[in-house]
Amino acid sequence: MLRFALLASGSNGNATLISDGTTHILQDAGISRKQLLERIRSLNLCPADLTAVLITHEHTDHIKGLKFARSYGIPVYATPKTAEEIRLKQKDDDFPLFTFEAGDALTFNTITVQSYSVSHDAADPVNFTYTTATGAKLGFATDLGHPCKLTMARLAGSHAVIVESNYCPDMLRVGPYPPFLQQRIRGKQGHLSNEDAQSLLETLRHDRLRLVVMVHLSEKNNCPDLVREKITRIFAGSPVRVVVAPRDGLPEWFEVIP
Ligand SMILES: [Zn+2]
Ligand SMILES: [Zn+2]
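A brief structural summary.

Rules behind the numbers
Residues numbered from 1 in each chain as written. Chains lettered and ligands numbered in written order. Predicted model: local features only at pLDDT ≥ 70, side-chain atom pairs only at ≥ 80, totals over all residues. Heavy atoms only, no water. Helix = DSSP H or I, 4+ residues; strand = E, 2+ residues; numbered from the N terminus. Rg over C-alpha atoms; globule rule 2.2 N^0.38 Å. Contact = heavy atoms within 4.5 Å. Areas by Shrake-Rupley, 256 points an atom, 1.4 Å probe, with all protein chains shown as cover. Lys, Arg positive; Asp, Glu negative; His and termini not counted. Charge placed at Lys NZ, Arg CZ, Asp CG, Glu CD. Salt bridge = Lys/Arg side-chain N within 4 Å of Asp/Glu carboxyl O. Buried < 20%, exposed > 50% of the residue type's maximum accessible area, 1.4 Å probe, protein only. Phe/Tyr/Trp six-rings, centres within 6.5 Å; stacked < 30°, edge-to-face > 60°. Donors = N, O, S within 2.8 Å, 3.2 Å for Na, K, Ca; no water. Tetrahedral: all angles 85-135°; square planar, octahedral: opposite > 155°, others 65-115°. 1 Å grid on protein atoms, 1.4 Å probe; cavity = no way out; pocket = protein on both sides within 12 Å on 5 of 7 lines; lining within 4 Å. Points joined across faces, edges and corners; volume = space filled by probe spheres on them. Nonpolar A, V, L, I, M, F, W, Y, C, P; charged D, E, K, R; others polar. Core = buried A, V, L, I, M, F, W, Y, C linked by side-chain atoms within 4.5 Å. Pairing = 2+ DSSP bridges. Axes fitted to C-alpha atoms, helices over the stretch in contact; angles between N-to-C directions.

Let's talk about the overall build of the protein
When helices and strands are counted, the protein shows 9 helices and 14 strands. Radius of gyration (C-alpha) of the protein: 17 Å, near the 18 Å computed for a compact globule of 258 residues. Taken over the C-alpha atoms alone, the protein extends approximately 45 × 45 × 35 Å along its principal axes. In the protein, the share of contacts with a sequence separation of at least 24, taken over all contacts with a separation of at least 6, comes to 63%. For the protein, the exposed area adds up to about 10900 Å²; of that, 51% sits on carbon and sulfur atoms. Both charge centroids of the protein, one from 28 positive and one from 28 negative side chains, sit 3 Å from each other.

Laid out in structure tokens, this is it:
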């Protein structure tokens, strides 16, 4: 049974746990070590139970608590350029990391992880999909400026998708962010707007899609109710469940049903 739990979501920190019951993978570690350990334990797991930590990119909201992995001896995986940036940011030349190339597939017992490149202003950003032998597929599309053909191809056939809905363009325009930052967020290497997320999901809907989780909402430039309303409308009358992730995460398991 493939399942996942959102430990944190948003520009203050991102971390998701993906598990089949025996293999437990943490994708990103962007909250403090203390918060990470608390939230892992709240799911009745010990930090030492983790099989691996996978990092999408080196932005602080994805690696803030990463040092915990070293103390528990959990292998951390990143692309070579991301690994280099992580070591620079941690000021630790010896920080142990395993590397893979963007586009590689990694296998952790019964879970196969497929990496794919995304357009984002980091050294070598990737996203992942997770599949099990039973055919369950979970796909991520977060921290990307725009979805390209590769994004659609990698996410096709997912039974559950976790998609970024970072900002409402109107709120961003009149909000507190300075013009350069607004430009960065709106740019091709920034983040997905609510409208971008909507059109991505329209292309991803299929008969076996059951769960859509909206993540990485901006605190200042978005509103959870607005996202919920827009996305729920797309799937009205279908069996798809729509969840909008709170910033502090949700201490519960979501099942990916093939
Ligand atoms: Zn980022
Ligand atoms: Zn981020």
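Quick notes on the pattern of salt bridges
One pass over the full model with this rule turns up 8 salt bridges. Residue Arg70 pairs with Asp92 through a salt bridge whose shortest N-O separation is 2.5 Å. Of the two residues, Arg70 sits in helix H3 (residues 68-72) while Asp92 sits in the loop between helix H4 (80-90) and strand E6 (98-99), which places them 22 residues apart along the sequence. On the basis of relative accessible area, Arg70 is assigned to the partly exposed category, the value being 42%. The buried category is assigned to Asp92, whose relative accessible area is 14%.

What about the packing of aromatic side chains?
Summed over all chains, the structure comprises 7 aromatic pairs. Judged by centre distance (5.3 Å) and plane angle (20°), the ring pair of Phe4 and Phe254 falls under stacked. With Phe4 in strand E1 (residues 2-8) and Phe254 in strand E14 (residues 250-256), the pair connects residues that are 250 residues apart, well separated along the chain. Residue Phe4 is classed as buried on the basis of its relative accessible area of 0%.

Quick look at the coordination of the zinc ion (ligand 2)
Protein coordination of the zinc ion (ligand 2) is provided by Asp61 (OD), His62 (NE2), Asp143 (OD) and His216 (NE2), with donor distances spanning 2.1 to 2.3 Å. The site at the zinc ion (ligand 2) holds 4 donor atoms, and with the angles between them running 93 to 161°, its shape is irregular. One chain supplies every donor for the zinc ion (ligand 2), spaced along it as D-H-x80-D-x72-H. The metal-metal distance between the zinc ion (ligand 2) and the zinc ion (ligand 1) is 3.5 Å, with Asp143 serving as a donor to both. Of this pair, Asp143 sits in the loop between strand E10 (137-141) and helix H5 (149-155) while His216 sits in the loop between strand E12 (211-215) and helix H9 (224-234), and the two are 73 residues apart along the sequence. Judged on exposure class, the residue Asp143 and its partner His216 are both buried.

Some points on the coordination of the zinc ion (ligand 1)
Around the zinc ion (ligand 1), the protein contributes the donor atoms His57 (NE2), His59 (ND1), His120 (NE2) and Asp143 (OD), which lie 2.2 to 2.6 Å from the metal centre. Coordination at the zinc ion (ligand 1) is irregular: its 4 donor atoms span angles of 89 to 173° at the metal. Of note, the donors binding the zinc ion (ligand 1) are all from one chain and are spaced H-x1-H-x60-H-x22-D.

Let's talk about empty space enclosed by the protein
Considering all chains together, one arrives at 1 cavity of 30 Å³ or more under this definition. Of the pockets and cavities examined, the largest cavity occupies roughly 110 Å³. Taken together, the elements giving at least two residues each to the lining of the largest cavity come down to E1 and strand E2 (15-19). Within the lining of the largest cavity, the residues separate by chemical class into 6 nonpolar, 7 polar and 1 charged.

Considerations on the nonpolar core
Generally speaking, nonpolar side chains in soluble globular proteins are found buried as a group. Grouped together as the largest cluster of nonpolar side chains are 29 residues, with contacts concentrated most on Phe4, Leu6, Leu54, Val113, Tyr130, Leu138 and Val213. Discounting residues that sit within four places of it in the chain, Val113 has contacts with Ile25, Leu54, Asp104, Ala105, Leu106, Phe108, Phe128, Thr129 and Tyr130. Among the nonpolar cores identified, the runner-up in size contains 27 residues, and Leu26, Ala29, Leu37 and Leu45 belong to it.

Some details on the sheet that holds strand E11 (residues 160-164)
Ordered by their spatial adjacency, 7 strands build an open sheet running E7-E8-E9-E10-E11-E12-E13, and the pairing between neighbours is mixed. This sheet does not close on itself; its edge strands, each paired only once, are strand E7 (105-108) and strand E13 (241-244). Across the sheet, the mean angle separating the axes of adjacent strands is 15° when strand polarity is ignored. Where E11 and E12 come together, 5 bridges link them in parallel fashion.

Thoughts on the sheet that holds E1
Within the open sheet, the 7 strands sit side by side as E6-E5-E4-E3-E2-E1-E14. Their pairing is mixed. Each end of this open sheet is capped by a strand with a single partner; those strands are E6 and E14.

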